[in-house]
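Residue-level structural notes
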Amino acid sequence: MVEIKEKSKVKHRCRVCGYTYDPETGDEKRGISPGISFYDLPDSWRCPVCQYTKSHFYEVKDGHR
Ligand SMILES: [Zn+2]
């Protein structure tokens, strides 16, 4: 149960430009409200910086927690 909640908070980084999607911030310029998990983003969502698709993102492991 806790794992699912934590999973939804995982940040994802664009391997092309380094942009990081943070679920706690969302992407309000594109209508993505804070609290939306990366996994819940529509497939049409693109990196706001370089316009690459979700498949170019990888999970950012926070090793300090
Ligand atoms: Zn990018």
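Residues numbered from 1 in each chain as written. Predicted model: local features only at pLDDT ≥ 70, side-chain atom pairs only at ≥ 80, totals over all residues. Heavy atoms only, no water.

As annotated in an unreviewed UniProt entry, the protein carries the name Rubredoxin and is attributed to Persephonella atlantica. Here is the UniProt Sequence similarities (unreviewed entry) comment for the protein, exactly as written: "Belongs to the rubredoxin family." The heading Cofactor (unreviewed entry) in the UniProt record of the protein holds the text "Fe(3+)". (UniProt positions renumbered as here; feature names shortened; annotations may be inferred.)

**Things to note about the coordination of the zinc ion**
Around the zinc ion, the protein supplies C14 (SG), C17 (SG), C47 (SG) and C50 (SG) as donor atoms, at distances of 2.2 to 2.3 Å. Considering all four donor atoms around the zinc ion, the spread of angles at the metal, 104 to 118 degrees, places the coordination shape in the tetrahedral class. Coordination of the zinc ion draws on donor residues from a single chain, spaced C-x2-C-x29-C-x2-C in sequence. Residue C17 is found in the loop between strand 1 (11-14) and strand 2 (20-21), and its partner C47 is found in the loop between strand 2 and strand 3 (57-60); the two are separated by 30 residues along the sequence. (Donors = N, O, S within 2.8 Å, 3.2 Å for Na, K, Ca; no water. Tetrahedral: all angles 85-135°; square planar, octahedral: opposite > 155°, others 65-115°. Helix = DSSP H or I, 4+ residues; strand = E, 2+ residues; numbered from the N terminus.)

**Some thoughts on the pattern of salt bridges**
Considering all chains together, one arrives at three salt bridges under this definition. K11 is the salt-bridge partner of D22, the closest N and O atoms lying 3.8 Å from each other. Of this pair, D22 sits in the loop between strand 2 and strand 3 while K11 sits in strand 1, and the two are eleven residues apart along the sequence. Here D22 falls in the buried class, since its relative accessible area comes to 17%. Residue R30 is joined to D27 by a salt bridge in which the shortest nitrogen-to-oxygen separation is 4.0 Å. (Salt bridge = Lys/Arg side-chain N within 4 Å of Asp/Glu carboxyl O. Buried < 20%, exposed > 50% of the residue type's maximum accessible area, 1.4 Å probe, protein only.)

**Here we look at the environment of S33**
Structurally, the position occupied by S33 is in the loop between strand 2 and strand 3. For S33, a relative accessible area of 42% corresponds to the partly exposed category. On a C-alpha basis, the gap between S33 and P23 in space is 8.5 Å, while along the polypeptide they are ten residues apart.

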